[in-house]
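Residue-level listing of the chains:
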Amino acid sequence: QVQLVESGGGLVQPGGSLRLSCAASGFTFSSYAMNWYRQAPGKERELVAQISGAGGVTSYADSVKGRFTISRDNGQSTVYLQMNNLKPDDTAVYYCAVKRSGVVYWGQGTQVTVSS
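Below, the structure is looked at part by part. In this text, all values refer to a predicted model and were calculated from it rather than measured experimentally.

The next point concerns the pattern of salt bridges. Going through the model one piece at a time under the given rule, you end up with 4 salt bridges. The partner of Asp62 in a salt bridge is Lys65, and the shortest N-O contact between them spans 3.2 Å. Judged by relative accessible area, which is 65%, Asp62 ranks as exposed. Here the salt bridges do not stand alone but share partners, grouping Arg38, Glu46, Arg67 and Asp90 into one network.

Time to look at the side chain of Asn35. Examined against the element boundaries, Asn35 turns out to sit in strand E4 (residues 34-39). A relative accessible area of 8% means that Asn35 is categorised as buried. Setting aside its immediate chain neighbours within four residues, Asn35 contacts Leu47, Ala49, Gln50, Tyr95, Cys96, Ala97 and Val98.

What counts as what
Residues numbered from 1 in each chain as written. Predicted model: local features only at pLDDT ≥ 70, side-chain atom pairs only at ≥ 80, totals over all residues. Heavy atoms only, no water. Salt bridge = Lys/Arg side-chain N within 4 Å of Asp/Glu carboxyl O. Buried < 20%, exposed > 50% of the residue type's maximum accessible area, 1.4 Å probe, protein only. Helix = DSSP H or I, 4+ residues; strand = E, 2+ residues; numbered from the N terminus. Contact = heavy atoms within 4.5 Å.

Shown next as structure tokens:
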């Protein structure tokens with residue numbers, strides 16, 4: 001079955017960096033676009049970044065453009081989210097997700113807190 005396991009979250013000061021990882025299993029990883037979402041307290045879940053199966057096409061939410069970079073290692077079935085110049089508004093639970101056969105699968109999420 002599809003499994004997505006995120007890691008790398010934590011507490012960081014404004015201006016700092018974190019790298020999130022999402023290890024995937026249970027499907028042909030390289031065949032699917034992968035996504036990072038986030039959900040802040042009291043807010044709806046929002047799409048942060050997306051990467052195509054081969055990794056050649058990426059897209060970002062306006063709020064993170066120029067600060068976040070999504071990448072993937074198909075040999076390791078892992079997708080990453082490099083987050084630089086973090087702001088308090090980036091505080092949220094971050095989830096990776098994949099849509100397969102019309103079903104969206106989610107990881108358990110990893111908490112990112114940006115605070116001084």
